[in-house]
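Residue-level structural notes
Residues per chain are reported as follows:
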Amino acid sequence: MPMCDAACQVGSTHYNECQILRTLKEKLSVKNFEDKESPIYQCITPLRLLMKKNTHPKWFRRLTFLMDHREAREQEENMWDQHQKNVVDFLLKSCNLNFTREDIMWAIGILKTNSIMFGETNGRALFPMFSLINHSCAANAKHTLYIKNRRIAVQAQTDIKQGEEIVINYVTFILGTMMRNSKLQKNWYFKCSCQRCSDPTELGSHLSSLRCPKCDNGYLTQVSPLDPESPWKCSIHSFLYTKENVDNLIADLKKHLFSVGSGGTSTKQMEDVLAMFSEFLHPNHHLMMITKRNIISLYSQVPLKSVKKSDFLRIKELCEESIEVLGKVDPGYPLWKAETLKDLSTSMMNLARTDFEAGEISRPEFLSQVKKSMKMVEEASNCKSCIKVARKMEDGENISEEYVTS
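Because the structure is predicted, anything quoted here is derived from the model rather than measured.

Details of the overall build of the chain
- Scanning the chain for helices and strands turns up 15 helices and 12 strands.
- Burial status across the chain gives 40% buried among its 406 residues.
- Counting only contacts in the chain whose residues sit at least 6 apart along the sequence, the fraction spanning at least 24 positions is 58%.
- When the accessible area of the chain is evaluated, it comes to approximately 23600 Å², of which 51% is carbon and sulfur surface.

Set out below in structure tokens:
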């Protein structure tokens, strides 16, 4: 069985399945080593999972509390048939394993539903206890992965009362309701009905709202967000926009945004995109906010000596808007807020310095601005995780480390 590289080949990760694969009468053959989607490799992770039943029984028992969504996956006929052919039939007929067809399909479902991206090489990881945490589109906790240590940490990002459920966001929080629920349905087979999803304005953030094409001051929000076919209605008059029209509009705008981004962008290009989008979208729509955050990121890549006062003013405006709007749906101390506060602090410090050197503000005013900027840096540090772990694992391993989120 060809491995990822030389280091991977001599590692212990593959040992257990190697003891099985080496006994095959017909040796495996991979002709294209660059084909990471080769069907031969699809059996490896389910096989590893099932073998944990004997090697790590305590860990394996935790999996019995997780959902595999078998009934929903059976409706995906193409994927179901592919798993039967590439995984189930191979493991049962070629490997002579002491597992049933149902066991193997269960393992595939557990992995599909509960595993998460791990590392920068499209790897997947499964943390049974973490997988028990439910989803909310306005989460009160965040999680951080530590690739080197193969650990995951969950930390509160808002105050959590005694008895209150700890919830995380399964999908990118900045997306609008329609797109979030589409991803939740595709990957976890459910649609969310939390307070944010039920509110046409998404807790006042307007991340899904559109500009009304029939009037100057009206904005369109979905009449019944929990109804997938519900139209959008203007806040001023009775003009309705069908879901199909909204889907087509957002798809076209996303396509344009990605085409601009793929060709190498500048702040001028992204400002032009923002101006074009503003003809169709609410200023807080998630595509507008994504574009604005891209502009902030592009400014941070410009050498400081090349940034003008007008640029610092623009950075300040965009950072303050991001914190105000996105903080309504992702409150407390989320990770994105740390970088935004750092950019805001830098812009305010440089504006204060520029104004003081030009004689536009007094020294006390300058020092006051510097103090405000330093407080933002302190708040940004609270958004970054610093988790101290000191405990004994089930296998006897002593853990005493400090993990700092980058």
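From this point, the narrative continues.
So, the environment of Val-260
- Its place among the elements puts Val-260 in helix α10 (residues 243–262).
- The class for Val-260 is buried, based on a relative accessible area of 16%.
- Between the C-alpha atoms of Val-260 and Val-273, which are 13 residues apart in sequence, the distance is 8.3 Å.
- Those residues in contact with Val-260 that sit more than four places away from it in its chain are Thr-265, Gln-269, Met-270 and Val-273.

Points about the nonpolar core
- By size, the foremost hydrophobic cluster in this structure holds 40 residues, and its most contacted members are Leu-210, Leu-220, Ile-250, Phe-277, Leu-281 and Leu-287.
- Leu-47, Leu-49, Met-51 and Leu-63 belong to the second-largest nonpolar core, a separate cluster that totals 28 residues.

Focus on the pattern of salt bridges
- According to the stated counting rule, one finds 16 salt bridges in the structure shown.
- The salt bridge involving Lys-268 is made with Asp-272; its shortest N-O contact spans 2.8 Å. With Lys-268 and Asp-272 both in helix α11 (residues 267–277) and 4 residues apart, the pair spans about one turn of that helix.
- What makes Lys-268 exposed here is its relative accessible area of 55%.
- Here Glu-360 makes a salt bridge to Lys-309, at a shortest N to O gap of 3.3 Å. Taken together, the residues Glu-360 in the loop between α14 (335–357) and α15 (363–383) and Lys-309 in helix α13 (residues 309–326) connect sequence positions 51 residues apart.

Some details on the confidence of the model for the chain
- The predicted model of the chain has a mean per-residue pLDDT of 87, with 88% of residues at 70 or higher.
- Long-range and interchain partners of residues 389–394, a stretch whose pLDDT sits below 50, account for 15 contacts in this model, where long-range means more than four residues apart.
- Scored below 50 in pLDDT, residues 397–406 makes 35 contacts in the model with residues more than four places away or belonging to other chains.

As for the sheet that holds strand β7 (residues 210–211)
- The 4 strands lie next to each other as β7-β8-β9-β10, forming an open sheet whose pairing is antiparallel. Because the sheet does not close on itself, it has two edges, and the strands there are β7 and β10 (240–241).
- Where β7 and strand β8 (residues 219–222) come together, 2 bridges link them in antiparallel fashion. Each residue of the ladder has a partner; that of Leu-210, found in β8, is Leu-220.

Cut-offs applied
- Chains are numbered independently. Their residues run from 1 in the order of the written sequence.
- Residue-level local features of this predicted model are given only where pLDDT is at least 70; pairs of side-chain atoms are given and counted only at 80 or more, and the full residue set underlies all totals for whole chains, interfaces and linings.
- Side-chain metrics in this entry use all non-hydrogen atoms of the structure; hydrogen atoms and water are not considered.
- To qualify as a helix, a DSSP run of H or I must reach at least 4 residues; to qualify as a strand, a run of E must reach at least 2; elements of each kind are numbered from the N terminus.
- Accessible area is worked out with a 1.4 Å probe on protein chains only. A residue is then buried under 20% of its type maximum, exposed over 50%, and partly exposed in between.
- Residues count as neighbours in contact if any of their non-hydrogen atoms are within 4.5 Å of one another.
- Surface accessibility follows the Shrake-Rupley procedure with a 1.4 Å probe radius. Residue values consider only the protein chains on display as shielding.
- To qualify as a nonpolar core, a set must consist of buried Ala, Val, Leu, Ile, Met, Phe, Trp, Tyr and Cys residues joined through side-chain atoms within 4.5 Å.
- Definition used for salt bridges: Asp or Glu carboxyl oxygen within 4 Å of a side-chain nitrogen of Lys or Arg.
- pLDDT: the predictor's confidence for each residue, scored from 0 to 100.
- Think of it this way: DSSP has to see at least two bridges between two strands before they count as a pair.

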